[in-house]
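Structural characterization, general
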Amino acid sequence: MSLRSWQFCSLLAVILCAGCGLAIAQAQPGPGALPNTAMPSVLTVPPEAQAGPNFNVDAATNAYLAQIPAEKRAKSDAYFEGGYWLILWDFLIGVVVSLLLLNLRWSAAMRNLAERITRFKPIQTFIYLAEYLVLTTILVFPMTVYEGYSREHKYGLATQTFGPWLNDQFKSLLVGLVLGGIITVILFGIVRKLPRTWWIWGAIVAVAFNAFVGLIAPVYIFPIFNKITPLNDPKVTQPILSMARANGIVARDVYQIDASKQSTRMSANVSGMGNTMRITLNDNLLRRGSPEEIQAVMGHEMGHYVLDHVYSGTIYFGIVIVVGFALLAWGLDWSLQQWGEKWQIRGIGDTAVLPLVVLLASIYFFVLTPVLNTIVRTQEHEADMYGINASRQPDGFAQAAIHLGEYRKMSPGPVEEWIFYDHPSGHRRIHDAMQWKAENMKLMGTPQNREALGAGH
Ligand SMILES: [Zn+2]
């Protein structure tokens, strides 16, 4: 879900991001034969990181990082840094597409077509959105192929051939049309009914809709793309369910998702509430992670759940959205005064204004990139610490950080991390784990540790 999410509107961008924000890594796939970006799949605890009286946090961290072969590190650095430029290119392409639609009056033409088909306003809005989504999808398609297919294959992160990939793109277009259709029709309805205060009500509805989609996605949207099945391996599920119970999570079942259908990335999540509560591991994690690593990752995901990150995240994004809508209201009025006639847009209640909304929203989100990343990264750090505590697997956690380093730069500079990272860097995660290990080795309870620390009782 890359370019298009920015394309059609700020809200959908938020909706699509929300789904990803919860997972330690985004769900995408890996075949039996590991691609050439794969980090060493069996990670041992290096001698410098073994518990003992001479344990040193920095030495242990560096010993873990040294397990990554230089050429693998160069490759994942290149992949991740390329992502910085993609943020800029996606933004610029989005701006150009919006300006084309407005200045060539294609947007006005699409509205006119919708008005010829029906007199019923909400249906007009929906038809306009369908035209808009199809047209912008076609315009940015070369970039979508590069970003979502060619580049992913080049770095060994994708597992789909072009046909199935295209099929997934088509499905996400349909999902975007349904979800985008619902929220766009509602928002334009609000704008037309409440032309002065629409931005307040619009923001509230947008935030509520976003939360709603986040809630239904694991049950109704993810299965459109992947198969989710109960995991029946007690060796894996029993320790996870024990950890869940120890953390007050009432889940009864563990599921697996066949993320390897699309990518090699490892991921997991805890989702739902009450009876829909479920723990889901992706098959890449199951196949490649050691038991300690799986527990560390599940501890992290349980952290998101126990720490109510869905709710605090909704509040943070709510603030971002309310401010965004206020700026949007001002930006729309100002722009339409300047160029509204030229673009043949009648006002903010006219659906033909949508490319301008997208343009202003993408400027807002582009500028806010470091702020949004920092909000998410802060929660991820909280989940990291919760997960290490809950699982008591600092080495498993370090191993997971290295596996996730297949598509993330391990050791960024501080400014780089602040701007671009939506998770703590691998370096910082391993350092956190080793710090925890140094200060809590007594808790780990292995005979060697107890002996080493002289804590016999
Ligand atoms: Zn996370």
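Residues numbered from 1 in each chain as written. Predicted model: local features only at pLDDT ≥ 70, side-chain atom pairs only at ≥ 80, totals over all residues. Heavy atoms only, no water.

Regarding the overall build of the protein
Helix and strand counts for the protein come out as 19 helices and 4 strands. Of all 457 residues assigned to the protein, the portion counted as buried reaches 53%. Across the protein, contacts joining residues at least 24 apart in sequence account for 78% of those joining residues at least 6 apart. Per element, the accessible surface of the protein, about 20,600 Å² overall, is 64% carbon and sulfur. (Helix = DSSP H or I, 4+ residues; strand = E, 2+ residues; numbered from the N terminus. Buried < 20%, exposed > 50% of the residue type's maximum accessible area, 1.4 Å probe, protein only. Contact = heavy atoms within 4.5 Å. Areas by Shrake-Rupley, 256 points an atom, 1.4 Å probe, with all protein chains shown as cover.)

Digging into the coordination of the zinc ion
The coordination sphere of the zinc ion, as far as protein atoms go, consists of His-300 (NE2), His-304 (NE2) and Glu-380 (OE), spread over 1.9 to 2.0 Å. Mapped onto the sequence, the donors of the zinc ion take the spacing H-x3-H-x75-E. Taken as a pair, His-300 and His-304 lie in helix α12 (residues 291–306) at a separation of 4 residues, close to a single helical turn. Across the pair, His-304 and His-300 agree in class, each one buried. (Donors = N, O, S within 2.8 Å, 3.2 Å for Na, K, Ca; no water.)

Concerning the pattern of salt bridges
All chains considered together, the criterion is met by 10 salt bridges. Between Glu-406 and Arg-288 there is a salt bridge; the shortest N-O distance is 2.4 Å. Taken together, the residues Glu-406 in the loop between α16 (394–404) and α17 (414–420) and Arg-288 in helix α11 (residues 283–288) connect sequence positions 118 residues apart. For the salt bridge of Glu-417 with Arg-428, the shortest nitrogen-to-oxygen distance reads 3.3 Å. You can see Glu-417 sitting in helix α17 and its partner Arg-428 sitting in helix α18 (residues 426–444), a full 11 residues away along the chain. By relative accessible area, Glu-417 is classed as buried at 11%. (Salt bridge = Lys/Arg side-chain N within 4 Å of Asp/Glu carboxyl O.)

Here's the deal with the layout of surface pockets
Estimates place the volume of the second largest pocket at around 330 Å³. Around the second largest pocket sit 19 residues that line it, and Leu-327, Leu-328, Leu-360, Ala-361 and Tyr-364 are the ones nearest its centre. Of all the secondary structure elements, the ones that give two or more residues to the lining of the second largest pocket are α13 (309–343) and α14 (354–367). At 11 residues, α13 tops the list of elements feeding residues into the lining of the second largest pocket. (1 Å grid on protein atoms, 1.4 Å probe; cavity = no way out; pocket = protein on both sides within 12 Å on 5 of 7 lines; lining within 4 Å. Points joined across faces, edges and corners; volume = space filled by probe spheres on them.)

A look at the packing of aromatic side chains
Across all of its chains, the model carries 16 aromatic pairs by this definition. Considering the side-chain rings of Phe-91 and Phe-366, the 4.1 Å spacing of their centres and the 5° angle between planes classify their relative orientation as stacked. In this pair, Phe-91 sits in helix α4 (residues 70–103) while Phe-366 sits in helix α14, placing the two residues 275 residues apart along the sequence. Residue classification places Phe-91 among the buried positions, given a relative accessible area of 17%. For Phe-366, a relative accessible area of 29% corresponds to the partly exposed category. Among the aromatic side chains, those forming a connected cluster through ring pairs are Phe-80, Tyr-84, Phe-420 and Tyr-421. Sitting over the face of the ring of Tyr-407, Arg-265 holds its NZ or CZ atom 4.4 Å from the ring centroid. Over the ring of Tyr-255 we find Arg-278; its NZ or CZ atom is 4.1 Å from the centre of that ring. (Phe/Tyr/Trp six-rings, centres within 6.5 Å; stacked < 30°, edge-to-face > 60°. Lys NZ or Arg CZ within 6 Å of the ring centre and 35° of its normal.)

Examining helix α3 (residues 57–65)
Every α-helical turn comprises 3.6 residues, leaving residues that sit three or four positions apart pointing alike. Looking only at α3, the buried set comprises Val-57, Ala-60, Thr-61, Ala-63, Tyr-64 and Leu-65. Capping of α3 at its N-terminal end is provided by Asn-56; its side-chain oxygen lies 3.0 Å from the backbone amide nitrogen of Asp-58. (Polar contact = N/O pair within 3.5 Å; in protein donor to acceptor, adjacent residues only side chain to side chain.)

With respect to the nonpolar core
With 52 residues, the main nonpolar core has Tyr-132, Trp-198, Leu-332, Val-353, Leu-354 and Leu-356 as its most contacted residues. Of all the elements in the fold, those that place two or more residues in this core are α4, α6 (121–139), α8 (162–193), α9 (198–225), α13, α14 and α15 (369–391). Core analysis: the second largest hydrophobic core is formed by 22 residues, Leu-231, Ala-251, Leu-281 and Leu-285 among them. (Core = buried A, V, L, I, M, F, W, Y, C linked by side-chain atoms within 4.5 Å.)

Some thoughts on unusual backbone geometry
Unusually for a residue other than glycine, Gln-344 sits at a positive phi of about 60°. On the secondary structure map, Gln-344 appears in the loop between α13 and α14. Its relative accessible area of 40% is what places Gln-344 among the partly exposed residues. Of note, the phi angle at Arg-392 is positive, near 55°, even though the residue is not glycine. Looking at the secondary structure, you find Arg-392 in the loop between α15 and α16.

Focus on the pairing of strand β4 (residues 278–282)
Along β4, 5 of the 5 residues are buried, which leaves the element largely enclosed by surrounding structure. For strand β2 (residues 254–257) and β4, the ladder comprises 4 bridges, and the chain directions are parallel. Bridge assignment links Gln-256 to a residue of β4, and that residue is Leu-281. Relative to β4, strand β3 (residues 268–271) runs antiparallel, the two being bridged by 4 bridges. Looking at the pairing, Val-270 lines up with Ile-279 of β4. (Pairing = 2+ DSSP bridges.)

Observations regarding the sheet that holds β3
Strand order in the open sheet made by the 4 strands is β1-β2-β4-β3, with mixed pairing throughout. Every interior strand has two partners, whereas the edge strands, β1 (228–230) and β3, have only one. Taken over all neighbouring pairs, the strand axes of this sheet differ in orientation by 25° on average, direction set aside. Helix-sheet contacts for α12 involve β3 and β4, and the interaxial angle to β3 is about 35°. (Axes fitted to C-alpha atoms, helices over the stretch in contact; angles between N-to-C directions.)

Interpretation note: all reported values are geometric properties and have no functional meaning in isolation.
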